[in-house]
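A closer look at the structure
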Amino acid sequence: MLHRLDYSVAKVAAGAVVLAVSLLFLGCRAYHIGNQGLFSSQVRTVGVSIVGNETWRRGYGERLTEALVREIENRTPYKVVPASRADTELRISIVGEDKSVTFQNDWADPRELSLGMTIKADWLDRRTMELRQSQEIDLDSEALCISVSTPLIAEAGQSNATSSQILMERLARHIVGMMETAW
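Residues numbered from 1 in each chain as written. Predicted model: local features only at pLDDT ≥ 70, side-chain atom pairs only at ≥ 80, totals over all residues. Heavy atoms only, no water.

**Considerations on the overall build of the protein chain**
Along the backbone of the protein chain there are three helices and seven strands. Element order for the protein chain, N to C, with α for helix and β for strand: α-β-β-α-β-β-β-β-β-α. Looking at the protein chain as a whole, 34% of its 183 residues are labelled buried. Long-range contacts, defined as pairs at least 24 residues apart, comprise 72% of the intrachain contacts of the protein chain with a sequence gap of at least 6. Carbon and sulfur atoms provide 56% of the accessible area of the protein chain, an area that totals close to 11900 Å². (Helix = DSSP H or I, 4+ residues; strand = E, 2+ residues; numbered from the N terminus. Buried < 20%, exposed > 50% of the residue type's maximum accessible area, 1.4 Å probe, protein only. Contact = heavy atoms within 4.5 Å. Areas by Shrake-Rupley, 256 points an atom, 1.4 Å probe, with all protein chains shown as cover.)

Rendered as structure tokens:
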């Protein structure tokens, strides 16, 4: 009799465990593993035009385009394709570049500089021709303006080229962050 009671308790316990595991999986069925939950599932492809450059520095547009394509391919489920075949299109323009002294020695020699850049970014849905944004940003224009800066310390081995490359990578991360869906 006692053995039969142990068997029915074990049976009820096993049923409770199966029920709990089933409820756990049903509750998490909409959860996505990886970056798929951060980005819209309605978009599959992104067209990235060559970044326009309104500054006097040559090559910035091409370098930002390369960093942006790399960041989109690495961080998102989207595929970068020519703009004519894409679901959405990124249109970006560098509108400002700034280099300023943040620290100088007693003889007025610059020891630390700050390199900054401002861009204007539009993310357009080519199917509806609407502006797509993942964040609520109240701007006068329909473009998102992003400004980023990075230090340039010559004594540490940094140059204008290395600092501007760090800047391009930061800008690319910001732009891809703009493409995330709202929580």
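**So, the confidence of the model for the protein chain**
Chain-level statistics for the protein chain give a pLDDT mean of 75 and a share of 71% at 70 or above. Between residues 134-144, whose pLDDT stays under 50, and residues either more than four places distant or in other chains, the model counts 22 contacts. (pLDDT = per-residue confidence, 0-100.)

**As for the pattern of salt bridges**
Any two side chains of opposite charge can pair if their charged atoms end up close together. For the structure on display, the rule yields four salt bridges. The partner of Glu97 in a salt bridge is Arg57, and the shortest N-O contact between them spans 3.3 Å. One end of the pair, Glu97, is in strand β4 (residues 88-104); the other, Arg57, is in the loop between β2 (52-53) and α2 (60-75), and 40 residues separate them in sequence. Arg57 sits in the buried class, given a relative accessible area of 17%. Across the salt bridge formed by Glu71 and Arg75, the nearest N and O atoms sit 3.4 Å from each other. Placement of the pair is Glu71 and Arg75 together in helix α2, with a separation of four residues, close to one helical turn. (Salt bridge = Lys/Arg side-chain N within 4 Å of Asp/Glu carboxyl O.)

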